[in-house]
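# Descriptive analysis of the structure
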Amino acid sequence: MLDPAAPQLVVNSRTLYFSWLPADPDAVSALVPPGLSPRPDRQVFLNQYIVEDETQTSGFGAYSLTYLGISLLGVDAPGGLNPGGWWTTYVASSRRVREYAAARGAPVVAGRTRFDLDGEELLSETEIDGTPLIRARCRVGETGHVISSGHHRYFTRRDGQLISSVYPFVAEPVAPFEIESVEFLQPGHPVYALRPANPLSIGFGYYSPRSSFAYPGGLSVHPVVGAMEPTRPLHQVPASLARSGLPSGS
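Residues numbered from 1 in each chain as written. Predicted model: local features only at pLDDT ≥ 70, side-chain atom pairs only at ≥ 80, totals over all residues. Heavy atoms only, no water.

This part is about the overall build of the protein chain. Helix and strand content of the protein chain: two helices and 13 strands. A burial count over the protein chain gives 51% of its 250 residues as buried. A total accessible area of about 10,700 Å² is found for the protein chain, and carbon and sulfur atoms account for 51% of it. (Helix = DSSP H or I, 4+ residues; strand = E, 2+ residues; numbered from the N terminus. Buried < 20%, exposed > 50% of the residue type's maximum accessible area, 1.4 Å probe, protein only. Areas by Shrake-Rupley, 256 points an atom, 1.4 Å probe, with all protein chains shown as cover.)

Below you can see the structure in the form of structure tokens.
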């Protein structure tokens, strides 16, 4: 098992990252723990990425990963451009990655993410136990000379405490880029609470065939007034380039 206190680096992953407004804002709010506050619009974010070769990481090896979460108010990442986020779901194909992330409080579950790119049409799909859970269809162009870089801040819960981590990133987004559809395929699964509204309302978004980022070495405890609830089981559900239609992170 990797030391969860050690930083890890991932380079040139294929990444699809975007956000939307949810169909059930109250259900989204209910997933945010005491001590954190969702944005007024209850924005939900999704990051699907694939690391195709072990040489692209400092210790994880090759793997695929999807995480979902809820954008937060008042806890922005350094620079103030990207809102902090509460991770609700963390689906990883690698046991090594799952153990590393779980030790940091991530709500991990085993599963796989795949991309199918056919010309300008990109299909992404996340599955758990062999069953497709989330599917997105996008129209993507070519990478240019635009670089998106900065930091994200994500929160997890461990031993009854909120843990804050800051993740630096550098990505090369494609243009043009358009989200055509987002499907949550299993109404009986807890993640269905995060499904998008109809009609689809996208916040920020991008696809990058080369996105690099780091898991930080130091984690900080976020101060909370009052006691935290116990951590729920693993199957719990869960920028500013947004104005230009480009990404805000990795």
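Extensive coverage of strand 1 (residues 8-20) is indicated by the burial of 10 of its 13 residues. Bridging between strand 1 and strand 12 (residues 202-215) involves nine bridges; their strand directions are antiparallel. Bridge assignment links F18 to a residue of strand 12, and that residue is G205. Pairing of strand 1 with strand 2 (residues 44-51), which is carried by seven bridges, proceeds in the antiparallel orientation. (Pairing = 2+ DSSP bridges.)

Here the focus is the pairing of strand 12. Of all 14 residues that make up strand 12, 10 are buried, and the element is covered over most of its length. Judged from the three bridges that link them, strand 10 (residues 161-171) and strand 12 form a sheet pairing that is antiparallel. Residue F169 lies in a different strand from strand 12, and its bridge partner there is F213.

Here we come to the side chain of T66. Counting through the fold element by element, T66 comes out in strand 3 (residues 63-71). Within the local environment of T66, its side chain forms a polar contact with the side chain of T126, the two groups lying 2.6 Å apart. Each residue touching T66, except ones within four places of it in the same chain, is listed here: L46, N47, Q48, T89, Y90, V91, T113 and T126. (Polar contact = N/O pair within 3.5 Å; in protein donor to acceptor, adjacent residues only side chain to side chain. Contact = heavy atoms within 4.5 Å.)

Moving on to the nonpolar core. By size, the foremost hydrophobic cluster in this structure holds 35 residues, and its most contacted members are L16 and L194. The set of elements that each furnish at least two residues to this core consists of strand 1, strand 2, strand 3, strand 4 (85-92), strand 7 (121-128), strand 8 (131-143) and strand 11 (174-184). Those residues in contact with L16 that sit more than four places away from it in its chain are L46, N47, Q48, F115, S124, A136, C138, F177, I179, Y206 and Y207. Formed by 26 residues, the second largest nonpolar core is a distinct cluster that contains V51, Y67, V97 and A101. (Core = buried A, V, L, I, M, F, W, Y, C linked by side-chain atoms within 4.5 Å.)

Turning to the sheet that holds strand 6 (residues 112-118), a few remarks are in order. Sheet architecture is open: four strands sit in the order 6-7-8-11, paired in antiparallel fashion. Of all the strands in the sheet, just strand 6 and strand 11 have a single pairing partner and so form its edges. Shown here is a sheet whose adjacent strand axes are inclined to one another by a mean of 20°, direction ignored. (Axes fitted to C-alpha atoms, helices over the stretch in contact; angles between N-to-C directions.)

Another point: helix 2 (residues 95-103). Taken together, the buried positions of helix 2 are occupied by V97, R98, Y100 and A101. Looking down the long axis of helix 2, one finds its buried residues gathered within 165° of arc, a one-sided arrangement. On its buried side, helix 2 packs onto strand 1, strand 3, strand 4, strand 5 (108-110) and strand 12. The opening residue of helix 2, the one whose side-chain oxygen lies 3.2 Å from the backbone nitrogen of R96, is S94. (Arc of directions from axis to C-beta.)

Looking at the second largest cavity, its volume works out to about 50 Å³. For the second largest cavity, the lining is made up of 11 residues, of which Y17, S71, P83, H152 and F204 are closest to its centre. Its residues placed into classes, the lining of the second largest cavity shows five nonpolar, six polar and no charged. (1 Å grid on protein atoms, 1.4 Å probe; cavity = no way out; pocket = protein on both sides within 12 Å on 5 of 7 lines; lining within 4 Å. Points joined across faces, edges and corners; volume = space filled by probe spheres on them. Nonpolar A, V, L, I, M, F, W, Y, C, P; charged D, E, K, R; others polar.)

Right, let's get into the environment of T131. As for its position among the elements, T131 is in strand 8. Residues T131 and G111 lie 20 residues apart in sequence; the distance between their C-alpha atoms is 9.1 Å.

Moving on, we come to the packing of aromatic side chains. For the structure on display, the rule yields 23 aromatic pairs. When the ring of W87 is compared with that of Y90, the centres are 5.1 Å apart and the planes differ by 55°; the resulting orientation is tilted. Y90 carries the same exposure label as W87, and that label is buried. Ring geometry for Y100 versus Y215: centroids 5.8 Å apart, planes at 75°, classification edge-to-face. One end of the pair, Y100, is in helix 2; the other, Y215, is in strand 12, with 115 residues separating them in the sequence. Like Y100, the residue Y215 is buried in the burial classification. (Phe/Tyr/Trp six-rings, centres within 6.5 Å; stacked < 30°, edge-to-face > 60°.)

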